Structures are given as structure tokens and as C-alpha cells.
Amino acid sequence: DLAVAWLGIQMDNPLINASGVMCRTVEELEALRHSAAGALITKSCTLEPRKGNPEPRYASTALGSINSMGLPNAGYRYYLDYARRYDHEHDKPLLMSVSGMSLEDNLEMMAAFDEAALPVLVELNLSCPNLPGKPQIGYDFEASARLLAEVSKVYRRPFGVKLPPYFDPVHFGEMADVLDGCPSIGFVTCINSIGNGLVIDLERESVVIRPKDGLGGIGGDYVLPTALANVREFARRLPGRHVIGCGGIRSGREAFMHILAGATVVQVGTCLYEEGPACLTRIRDELVCLMQDKGYRTLADFRGCLRTL
Ligand code: DHB
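Here's a quick rundown of the structure. Each chain has its residues counted from 1, running along the sequence as written. This being a predicted model, a pLDDT of at least 70 is required before a residue's local features are given, and a value of 80 or more before pairs of side-chain atoms are given or counted; all residues contribute to the totals for chains, interfaces and linings. Note that water and hydrogens are dropped before the side-chain values are worked out from all heavy atoms of the structure.

**Topic: the overall build of the chain**
Working step 1: Each helix is a run of DSSP H or I of at least 4 residues and each strand a run of E of at least 2, with the numbering of both proceeding from the N terminus. Assigned secondary structure in the chain consists of nine helices and 16 strands.
Working step 2: Scaling as 2.2 N^0.38, a compact globule of 309 residues should have a C-alpha radius of gyration of about 19 Å, and the chain matches this with 18 Å.
Working step 3: With the principal axes as the frame, the chain shows a C-alpha extent of 55 × 50 × 40 Å.
Working step 4: Burial classes: relative accessible area under 20% of the type maximum marks a residue as buried, over 50% as exposed, and values in between as partly exposed (1.4 Å probe, protein chains only). In the chain, which comprises 309 residues, the share counted as buried stands at 57%.
Working step 5: When contacts within the chain are restricted to residue pairs at least 6 apart in sequence, those whose partners lie at least 24 apart make up 73%.
Working step 6: When the accessible surface of the chain is summed, it comes to about 13,600 Å², and 51% of that surface belongs to carbon and sulfur atoms.
Working step 7: For this count, His and the chain ends are skipped, Lys and Arg are scored as positive, and Asp and Glu as negative. The location of each charge is read from NZ of Lys, CZ of Arg, CG of Asp or CD of Glu. Measuring between centres, the 31 positive side-chain charges of the chain sit 1 Å from its 37 negative side-chain charges. We take the radius of gyration over the C-alpha atoms and set the globule estimate at 2.2 Å times the residue count to the 0.38 power. Two residues qualify as a contact provided that any one of their heavy atoms is within 4.5 Å of a heavy atom in the partner residue. Methods summary: accessible areas were calculated by the Shrake-Rupley approach with a probe of 1.4 Å, and residue burial reflects only the protein chains presented.

**A closer look at the packing of helix α2 (residues 76-85) against helix α3 (residues 103-116)**
Working step 1: Axis separation between α2 and α3 bottoms out at 11 Å; the angle between their running directions is 15°. One finds that α2 runs roughly parallel with respect to α3. At the point where α2 passes α3, the crossing takes the right-handed sense. Across from Tyr 76, Arg 77, Leu 80 and Arg 84 in α2, the residues of α3 making contact are Glu 108, Met 109, Ala 112, Phe 113 and Ala 116.
Working step 2: Gly counts as polar in this scheme, as do all residues outside two lists: the nonpolar Ala, Val, Leu, Ile, Met, Phe, Trp, Tyr, Cys and Pro, and the charged Asp, Glu, Lys and Arg. Its residues assigned to classes, the contact of α2 with α3 comprises six nonpolar, no polar and three charged. Every angle, taken between N-to-C directions, lies between 0 and 180 degrees, and every axis is a line fitted to C-alpha atoms, over only the stretch in contact when it is a helix. The scheme is simple: roughly parallel for angles under 35 degrees, roughly antiparallel for over 145, roughly perpendicular for 65 to 115, oblique for anything else. The handedness criterion is simple: a crossing whose near helix is rotated anticlockwise from the far helix by less than a right angle is left-handed, and one whose near helix is rotated clockwise is right-handed.

**Observations concerning the nonpolar core**
Working step 1: We call a set of buried Ala, Val, Leu, Ile, Met, Phe, Trp, Tyr and Cys residues a nonpolar core when their side-chain atoms join them within 4.5 Å. Judged by nonpolar contacts, the single largest core of 95 residues is most densely connected at Trp 6, Phe 113, Phe 159, Val 161, Leu 163, Leu 179 and Phe 234.
Working step 2: Setting aside its immediate chain neighbours within four residues, Leu 179 contacts Leu 148, Val 161, Leu 163, Ile 185, Val 188, Phe 234, Leu 238 and Arg 241.

**Describing the site of the ligand**
Working step 1: Residues are labelled near a given molecule or strand when at least one of their non-hydrogen atoms is within 4 Å of it. Around the ligand, the structure places 13 residues, and the nearest of them are Gly 70, Leu 71, Asn 125, Asn 130 and Asn 192.
Working step 2: Within the side chain of Lys 43, an N or O atom sits 2.8 Å from an oxygen atom of the ligand.
Working step 3: Polar contacts, as counted here, are pairs of nitrogen or oxygen atoms within 3.5 Å of one another; within protein the pair requires one atom able to donate a hydrogen and one able to accept it, and residues that are adjacent in sequence qualify only if both atoms are side-chain atoms. Within the contact set of the ligand, an oxygen atom lies 2.8 Å away from a side-chain nitrogen or oxygen of Asn 130.
Working step 4: When the free accessible area of the ligand is taken as 290 Å², the share hidden by the protein chains comes to 92%.

**Let's talk about the packing of aromatic side chains**
Working step 1: Under the pairing criterion, centres of Phe, Tyr and Trp rings, with the six-membered ring standing for Trp, must be within 6.5 Å; the plane angle then separates stacked pairs below 30 degrees from edge-to-face pairs above 60, leaving the rest tilted. One pass over the structure, following the stated rule, counts 13 aromatic pairs.
Working step 2: For the ring pair Tyr 166 and Phe 234, a centre distance of 5.9 Å and an interplane angle of 55° mean the geometry is tilted. Placement of the pair is Tyr 166 in the loop between β9 (159-163) and α5 (169-180) and Phe 234 in helix α6 (residues 224-237), with a sequence separation of 68 residues.
Working step 3: Arranged with centres 5.9 Å apart and planes meeting at 85°, the rings of Phe 172 and Phe 234 form a pair that is edge-to-face. Of the two residues, Phe 172 is situated in helix α5 and Phe 234 in helix α6; the sequence distance between them amounts to 62 residues.
Working step 4: Residue classification places Phe 234 among the buried positions, given a relative accessible area of 0%.
Working step 5: Taken together, the aromatic side chains of Tyr 139, Phe 141, Tyr 166, Phe 172 and Phe 234 make up a single cluster linked through ring pairs.

Encoded structure:
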């Protein structure tokens, strides 16, 4: 039994798409709604529609992916309309990613989501690495604390944040303190892509994506250990909040690892982009088999139970 209930939502299984993958249009969202996913999340939205960065802006490699999409999205009203028409009673839970270009934009969108009073979970994105000239807010602890304090005033329900990966215990501690100081935070999604990697095509002696002279967010197998470290560290530093694990999940094995590290549910990015929604059926069934082999009946039987030596 893969069921999980958290923050007022009920999921048949712990799989969600990672925001950005297969969730920009109503058509893509509807395909996810009909997939094996336990819930779905919309593309990070901005106040106004955006075309995003010039193509090519995504490339896959043997071990994962690099992207610099640049926040192409239909604008928050489009996703809010989708959420208003959504059958929240009968369909799988809906999460919505918000990624304003400024504090003011984030506040305007969060106020609109508050006003709509829909049973959705909002994931506020603190970690888009692909906007030329815009630093990731999640790497500025002061600015993150200010943003969360302001958002909490206009959005009166629990919400989550999508964090960038951290690589130093001091930074885990600083961000955990920021989140601990914000009672509205119900969940934390770890991790966004490892920002500003560079993939090189040896044959062509060239970068593989056009924006930022080839720099982009890295996903897939490359990021699994970093993702697991972030999930484990935030799960144990923030008891009472939920962690969504994201990074390097491409089979039931990695999904199990994320949950063992403390994740309540998990998101699938690169693998979903590469394989399409059928991978969610496969990963779900693999997780069931792995749990059976190990003698676990529910996710709670092993969640957060990672052993240390
Ligand atoms: C984009 C990439 C991200 O990693 C993110 O969190 C938001 C947007 C993008 O390039 O579209």
C-alpha cells in the first residue's frame, strides 16, 4: 500500500512530476492527471506569460540532463484558471509552483491564490537558476526570510518552498533556521537542479544548450547523492514539516532511498522528461516490488529510517 496522507491531501502513491516537466499546458497537465502519478504540480508561474530562453534549452546526456528553460509559462492566471476548473473532490491532488521575478510579483500571485481559496498546495520556488542576472533567492538567507515573512502575511494557508541544493552543513543550518522561523511552511522540496553546470559535446567541441553560453541546471543521475543529503538534512532539522524529495529518481530504488532519507513524497523530473508518463507506472510498480521484497507494508514502515554507522 503506497498511500500517503499529508498536509490535508491524500495520495494513492507518493509520485509527483517535478515542476517544469510536462506541466506547462492544460494538455500536459491533463496527461499527468490521467497518469499513475499520485498528484501533479504545475509549471512555475510568473505574473505575466513568458516565452523563456532561446532554444536549444534542454539537452539529455548519458547520466541526466541540463536545462536553461528561462521560466517559459502561460502566466499565473492560466494555472489559476486550471485550478478553479479542477475537480478537487474526485481527482488526484493538485500542487502549484509559483516563481515570481520579484518580491512584489510573488506577493501579488500569492494574494491571488489566497483569494481563490482552492484546496491546492503552493510550492514557492526559491531556486530558479536560469534567469540571466537573477541570483537564486534560496542562496540569500536574509532575502529568503524576508520573502517568507511577507508571503505569510498575504497567503494564510500552509505552503511549501522549493529549495536549491546546499553543499555545506552551515548552509543547511542557516536555511533550516529561516524555515523554522516561518510557521506557514508546511513542506520543503529538496532539490531543484544543481545550478549552472556545463555539459560539453566532445565531438563538436561545443556547449549543448544556447542560453548563458551553455550553463544550465543539472538533473538526473548526477544529482542523486546531493538530493538525498538535502532531503535527510532538512527532514531531520525540521521535524513536523514535510520534505518532498526530488533529484535522480528513475526507478523504485531511488524513490525508496528518498523516502528512507525522510521524504514524505517524491518528484520525478529528468526521467519523466525522457520517458514520458509511462515511467510513473513503472516506478510505482518497482517501489511496490521493492517494499514486498523487504517486507514493508506501508511507506511509514521505513520513512526516515536510514541507518548510520
Ligand atoms: C526554470 C528552471 C528551474 O530550475 C526552476 O526552478 C524554474 C524555472 C526554467 O528555466 O524554466
